2 protein chains.
Amino acid sequence: MADQYPSRSDCPINYALESFGDKWTLLIIRDLMFNAKQSFGELLTSPEKISTNILTDRLKSLEATGIISREVCADNRSKCVYSLTAKGRDLLPIMLEITQWSARHYKDVSTPAAFLKRLDEDKAGVIRQIKAMWDDQQKP
Amino acid sequence: MADQYPSRSDCPINYALESFGDKWTLLIIRDLMFNAKQSFGELLTSPEKISTNILTDRLKSLEATGIISREVCADNRSKCVYSLTAKGRDLLPIMLEITQWSARHYKDVSTPAAFLKRLDEDKAGVIRQIKAMWDDQQKP
DNA sequence: CTGTATCCTTAGGGATACTG
DNA sequence: CAGTATCCCTAAGGATACAG
């Protein structure tokens, strides 16, 4: 974030890093993608405890790079719904590979009963996500 | 890196972020994986211009988390060779997905003739890498 | 050449108060 | 509740000098 432009290089890996290569952005994407969160308050409740100013900043960056969209609720003006755009949903394969890599190697540092539980939750989210993409394709 | 422990959460995405979720680590992995670099000096030459203190720090972190290994040259004591461990090579699918995501969306921000060239270079590297993994499997 | 160490600036980010 | 703004501190990191 922040230093979106100018880019340090035109490398694809570097482009990705400049899009979501910080300690928080991918966690927000995770929550939108797998944990069915869509409001500011819901995003605040993650175990990693993001603070309000950082969340505001990252949501703006993500919107600026076209990874999420923000919609004001019709019924409640002071309520917003955040959701992944097509570009954001397209991060799914990356998220899956990362999850699987961690599943393969997390044991190196600790034994994670809770982690396996988490992974199961993520898998449930993946199904939800894939269904959403499928639904999306059914639209005109 | 830095804050390796304690971890913010036991989420797999968070584990990955704490392993390589900063602005530089993935670039080093890229160079080891796709660009056939293996020495400190070679790693310094990337277009993103990493500085020596940061490179030193990240190489140590990567070694600590078991993603790379460091070997002192037998013939030249003041020369080291850095290479990916199995855990590091296992990042290949993530790297490929990231590269492909960027290839699909980089146009959103600029038109990248040089980028396509880079991508071609990466593809060549991928072939090299896959061959290396294959060779690895042939060993006892 | 392979790093390490130091100096110094800026960005990241926690805590918290505040507004609609 | 949904954010914004401020205060302040720490970590990230650039530049550069230096050591083996």
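Here, the structure is the one placed above.
Calculation criteria
For every chain, the first residue of the written sequence is number 1, and numbering continues from 1 onward in sequence order. Labels follow written order: the first chain is A, the first ligand is 1, and so on. The predicted nature of this model means local features are confined to residues of pLDDT at least 70 and side-chain atom pairs, given and counted, to a pLDDT of 80 or more, with totals for whole chains, interfaces and linings taken over all residues. Water and hydrogen atoms play no part in the side-chain values, which are based on all heavy atoms of the structure. Helix and strand assignments come from DSSP, with helices taken as H or I runs of at least 4 residues and strands as E runs of at least 2, each series counted from the N terminus. The buried label goes to any residue with under 20% of its type's maximum accessible area, the exposed label to any with over 50%, and the partly exposed label to all in between, with areas taken from a 1.4 Å probe on protein chains only. Any pair of residues with heavy atoms lying within 4.5 Å of one another is described as a contacting pair. Shrake-Rupley sampling with a 1.4 Å probe provides the accessible areas, and residues are treated as covered by the protein chains on show and by no other component. Any residue with at least one heavy atom within 4 Å of a molecule or strand is counted as near it. We define a polar contact as two N or O atoms separated by no more than 3.5 Å, with the added condition that, inside protein, one atom must be a possible hydrogen donor and the other a possible acceptor, whereas residues neighbouring each other in sequence contribute only through side-chain atom pairs. Residue classes follow a fixed rule: Ala, Val, Leu, Ile, Met, Phe, Trp, Tyr, Cys and Pro count as nonpolar, while Asp, Glu, Lys and Arg count as charged, and any other residue, Gly among them, counts as polar. Lining residues are defined by having an atom within 4 Å of a point belonging to a cavity or pocket. Those points lie on a 1 Å grid over the protein atoms alone, cavities being sets where a 1.4 Å probe fits but cannot get out and pockets being open sets with protein on both sides within 12 Å along at least five of seven lines. Grid points are joined across faces, edges and corners, and a volume is the space filled by probe spheres set on the points.

Please explain the overall build of chain A as it appears in this structure.
Within chain A, the regular secondary structure consists of seven helices and two strands. Sequence-ordered secondary structure for chain A, helices as α and strands as β, is α-α-α-α-β-β-α-α-α. In chain A, buried positions account for 49% of the 140 residues. Counting only contacts in chain A whose residues sit at least 6 apart along the sequence, the fraction spanning at least 24 positions is 47%. For chain A, the computed accessible surface area is about 7000 Å², with 58% contributed by carbon and sulfur atoms.

Sorry, what's going on with the protein's contact with DNA strand D here?
If you check the shell around DNA strand D, you find 20 residues, and the closest are T56 and S78 of chain A together with N53, I54 and R58 of chain B. Interatomic distance of 3.2 Å between a side-chain N/O atom of Y82 of chain A and a phosphate oxygen of DNA strand D. Tallied by class, residues from the surface near DNA strand D come to six nonpolar, nine polar and five charged.

Is there a simple way to think about empty space enclosed by the protein in this case?
Space left empty within the atom packing is revealed by a probe, the size of a water molecule, rolled over the atoms. Inspection of every chain in the model, using the stated rule, returns three cavities of 30 Å³ or more. Lining the largest cavity are 14 residues, and of these F20 and L26 of chain A together with L17, F20 and L26 of chain B sit closest to its centre. With three residues, helix α1 (residues 12-20) of chain B is the single largest residue contributor to the lining of the largest cavity. Class assignment for the residues of the lining of the largest cavity results in ten nonpolar, two polar and two charged.

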